[in-house]
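Examination of the molecular architecture
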Amino acid sequence: MKGLAKHREIWLGLAILFLLVIVTARFPRFAQPQNLLTIFNDTSILIMLALGQMAVILTRSIDLSMAANLALTGMVVAMTNAAFPGVPIPALLLMAVSIGAALGSFNGLLVWKLNIPAIVVTLGTLTIYRGLVFVISNGAWVNAAQMGADFIGFQRTVLLGLPVLSWFAIAVALLFWLVMTRTPLGRSFYAIGVNPTASVYTGINVGRTKFMAFTISGAVAGLCGYLWVSRYVIASTEVASGYELTIIAACVIGGVSIAGGIGTVAGVLLGAIFLGVINNALPVVNISPFWQMAISGAAILLAVVLNARGEQRRGRIILKRAEAA
Amino acid sequence: MTQSTASHRHLPNRLDNPFKSIVLSWESLLVLVAIGIFILNSMASPYFLNAWSLSDMTFNFTEKALIALAMALLIISGEIDLSVAAIIALASTLMGLALQYGADTPVLIAIGVGTGIACGAFNGFLVTGLKLPSIVVTIGTMSLFRGISFIILGDQSFKGYPASFSWFGQGYVWWVISFELVLFIGFAVVYWALLQRTNFGRRVYAIGSNETAALFSGVRVARTKFILFCLTGAMSGIAAVLLTARLGSTRPSIAEGWELEAITMVVLGGVSILGGAGSIIGVVLAAFIMGLVTFGLGLLNVPGIVMSIFIGALLIVVIALPILWSMWRQRA
């Protein structure tokens, strides 16, 4: 049974390998370690966001406001840096995470206390957060000249051969793996997704657990707000516009079931990397970047079709495990 | 939507659903909101109360509202379509492509609407034929459809639509009454009759309230849903014709973000996102409200992005208020 559950990650890993082999066959330099690390670094932000989204989707909810949260937090942090260059980076990081968590917990409160469906709540806050970026910035940009050197340079600092940005992704992935597999909170995400009624009877507060999931996804979005803004050295109203769907796509390709209760950290990691490899491979094999959108669309559809087959059975297995616990 | 059908399972009793108890007064609430905004608008700007201004206002929402009509039925049945704006992009691109080969107005319209129906059928097949969750399928087709537009157009655009074609987006039937408005009202009546006065409409509600029960009562669930996806696709195709005719050009980024606006209209109109409840009258009122809000704020020189804050807040507040009200009443 355990082998069955591992299958999906193995297949996805093979698909990524296959992609790498095809591209490398024509362009040997593509698979050089340095380039692979660059791809990983490029995908780091997507990995973190997709992991945050996974926590929410596991509980049968969805967070459409992540990209808007990212843009708003990124703008606040960038403006703070522009106005008060003296504020140290750790303080800015803390600020980004807390603002993001606050925005996420607002979603969570509406879902928890008022029982409004998550898709409606986050559809509303998506437009509100995005609009607020414009209001606080007056539509202006924060550009490279206004950002401090350490603000831009921090995530580019190379530690043990990897940029800090990559280390962030690794740390977040490890943290998520720990929470999902080793803590009561992580297990209750799965339990709620598989069977909310049964979860209530086992003593799980469903609303509060959803609230936690939204706060976590918000915190991740906030962290990525700073990382995004300092990576692309621009904070504007359009930052990460439409990116919420790419995040969900990474989850789906990684095997997270939109019906809740199914999904692994490893799967999401590979799902995000799969999209990252495609995006990086297209220019190399000289396919116009305009193909990128259609290809990721096709990849999503293929992933859902492949997912759909095993899902029912695996859902029950997780339920049994949850009942035994 | 598996996600939504699932989330009301932990409600103790469907009859206690707060959405249902307020549905009777929902339309009256919307009428009050609309009148309030109308009065505020006319006080705020001297340019508002003018036949031509009001006519211009309708262009703000008719195309999105046409999609919202079909989307309402789809959401009542418990599904959702996030690919509608992408269908507009693809339909518009294919019309532009046909134009390059010398197609004239009737052919262009046939291609626009036909593309919409084909895209809707594709969604419908994936959801009903392969039994996949519609929210994921349409996130996928959303990238796919718009992606094809990007492949065809890249950073180019199609221009030079004939005048007879432009009339559909810019023409007036009589005085200040535009063709778009007449078409919208016509379709609103058709959809109202379809949902409230036919067996098909009853089946849509039945599927949304309890799909299993509907199936056991002999409702052909898959076929009904497939038709609803085709209808939503067709309305997106029609919206593509109108929008392309109004703008006079096609870019792959056309109608970006419209899926969320159309869904906001539907939900604001009182349709339960969990399925099983809602009315066309509510959706039509919500469309007018959104048109009034955006146009009124526009007259006050409020930028579009700031308007979206009002729309988002309106969506959450209008849904939260009745729930808070019923919670407060229960406590008292």
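The rules we used
- Sequence order sets the numbering: in each chain, residues are counted from 1 along the sequence as written.
- Naming scheme: in the order in which they are written, chains are lettered from A and ligands are numbered from 1.
- Reporting of local features is limited, given that this is a predicted model, to residues whose pLDDT is at least 70; pairs of side-chain atoms are given and counted only at 80 or more, and all residues count toward the totals for whole chains, interfaces and linings.
- In computing side-chain values, all of the structure's heavy atoms are included and hydrogens and water are not.
- Numbered from the N terminus, helices here are DSSP runs of H or I no shorter than four residues, and strands are runs of E no shorter than two.
- For the radius of gyration, the atoms used are the C-alpha atoms, and the globule rule reads 2.2 Å times the number of residues raised to 0.38.
- Burial classes follow relative accessibility: with a 1.4 Å probe on protein chains only, a residue under 20% of its type's maximum area counts as buried, one over 50% as exposed, and anything between as partly exposed.
- We call two residues in contact whenever any of their non-hydrogen atoms come within 4.5 Å of each other.
- Note on areas: Shrake-Rupley, 1.4 Å probe, and residue coverage restricted to the protein chains presented here.
- For this count, His and the chain ends are skipped, Lys and Arg are scored as positive, and Asp and Glu as negative.
- The atoms used to mark charge sites are NZ of Lys, CZ of Arg, CG of Asp and CD of Glu.
- Note on definitions: buried area is the accessible-area loss of two parts on being combined, 1.4 Å probe, summed for both.
- For this document, the term salt bridge refers to a Lys or Arg side-chain nitrogen within 4 Å of an Asp or Glu carboxyl oxygen.
- Throughout this description, a polar contact denotes any pair of N or O atoms lying within 3.5 Å of each other; where both atoms belong to protein, one of them has to be capable of donating a hydrogen while the other can accept it, and for residues adjacent in sequence the pair is counted only when both atoms sit in side chains.
- When residues are grouped by polarity, Ala, Val, Leu, Ile, Met, Phe, Trp, Tyr, Cys and Pro land in nonpolar, Asp, Glu, Lys and Arg in charged, and all others, Gly among them, in polar.
- Helix span, as expected, comes to 1.5 Å for every residue beyond the first.
- To get an axis, fit a line to the C-alpha atoms, keeping to the stretch in contact for a helix; angles then go from 0 to 180 degrees between the N-to-C directions.
- In these notes the angle categories are as follows: under 35 degrees is roughly parallel, over 145 is roughly antiparallel, 65 to 115 is roughly perpendicular, and the rest is oblique.
- Two helices crossing with the near one rotated counterclockwise from the far one by less than a right angle form a left-handed crossing, whereas a clockwise rotation gives a right-handed crossing.
- Confidence scores here are pLDDT values: one per residue, from the predictor, ranging 0 to 100.

On a plain count of helices and strands, chain A comes out with 13 helices and two strands. Relative to the compact-globule value of 20 Å for 325 residues, chain A shows a C-alpha radius of gyration of 20 Å, a close match. Each principal axis of the C-alpha distribution contributes one length, and for chain A these read about 55 × 55 × 35 Å. Relative to its full complement of 325 residues, chain A shows a buried share of 56%. The contacts of chain A with a sequence gap of at least 6 include a subset with a gap of at least 24, amounting to 79%. Within the structure as shown, chain A displays about 13500 Å² of accessible surface, and the carbon and sulfur contribution to it stands at 70%. Across chain A, 20 positive and 8 negative side-chain charges occur, with their mean positions spaced 11 Å apart.

Next up on the list: the interface of chain B and chain A. Each partner contributes residues to the interface: chain B has 49 residues there, and chain A has 44 residues. In this assembly, chain B packs against chain A so that about 3900 Å² is buried in total across both faces, 85% of it on carbon and sulfur atoms. At the surface where chain B touches chain A, the tally comes to zero salt bridges. On inspection of chain B and its partner chain A, the count reaches zero residue pairs in polar contact (both at pLDDT 80 or more). Across the side of chain B that touches chain A, the residue classes break down as 35 nonpolar, 11 polar and three charged.

Turning our attention to helix H12 (residues 221-247) of chain B. Residues and elements named next belong to chain B. With 27 residues, H12 extends 39 Å between its outermost C-alpha atoms, agreeing within 8% with the 39 Å of an ideal straight helix rising 1.5 Å per residue. The element H12 is largely enclosed, with a buried count of 20 among its 27 residues. Phi for Gly-248, located one or two positions after H12, is positive at around 75 degrees.

A word on the packing of helix H5 (residues 84-100) of chain B against helix H7 (residues 134-153) of chain B. Residues and elements named next belong to chain B. One can describe the packing of H5 onto H7 by two numbers: an axis separation of 8 Å at closest approach and a directional angle of 25 degrees. Accordingly, the angle class assigned to the pair H5 and H7 is roughly parallel. Relative to H7, the crossing made by H5 is left-handed. Between H5 and H7, the contacting residues are Ala-85, Ala-86, Ile-87, Ala-89, Leu-90, Thr-93, Leu-94 and Leu-97 on the first element and Thr-141, Met-142, Phe-145, Arg-146, Ile-148, Ser-149, Ile-152 and Leu-153 on the second. The residue inventory of the contact of H5 with H7, partitioned by class, reads 12 nonpolar, three polar and one charged.

Residue and element names in this part refer to chain A. The phi angle at Arg-60 is positive, at roughly 65 degrees, despite the residue not being glycine. Considering the arrangement of structural elements, one finds Arg-60 in the loop between helix H2 (33-58) and helix H3 (66-83). Even without being glycine, Leu-160 reaches a positive phi, approximately 50 degrees. Tracing the backbone through its elements, the reader meets Leu-160 in the loop between strand E1 (158-159) and strand E2 (162-163).

What follows deals with the pattern of salt bridges. Opposite charge on two side chains lets them pair, provided their charged atoms get close. Residue and element names in this part refer to chain B. In the structure shown here, the tally under the stated rule is six salt bridges over all chains. Residues Glu-63 and Arg-246 are paired through a salt bridge, measuring 2.8 Å at the closest nitrogen-oxygen approach. Taken together, the positions of Glu-63 in helix H4 (residues 62-76) and Arg-246 in helix H12 put the pair 183 residues apart, joining distant regions of the chain. On the basis of relative accessible area, Glu-63 is assigned to the buried category, the value being 1%. Glu-79 is paired through a salt bridge with Lys-225; the nearest N and O atoms lie 2.6 Å apart.

Tracing the chain through its elements places Asn69(A) in helix H3. Here the side chain of Asn69(A) touches Gly100(A) through a polar contact of 3.3 Å, landing on its backbone oxygen.

The next thing to look at is H7(B). Residue and element names in this part refer to chain B. In this model H7 runs 28 Å from its N-terminal to its C-terminal C-alpha over 20 residues, within 8% of the 28 Å that 1.5 Å per residue would give. The buried count for H7 comes to 17 of 20 residues, which makes it a mostly enclosed element. One or two residues past the end of H7 sits Gly-154, with phi positive at roughly 60 degrees.

The predicted model of chain A has a mean per-residue pLDDT of 87, with 93% of residues at 70 or higher. With pLDDT under 50 throughout, residues 315-325 of chain A is counted as low confidence; its partners more than four residues away or in other chains account for 10 contacts.

Looking at the secondary structure, you find Ala31(A) in the loop between helix H1 (2-26) and H2. Residue contacts for Ala31(A): discarding those within four places in its chain leaves Thr24(A) and Leu36(A).

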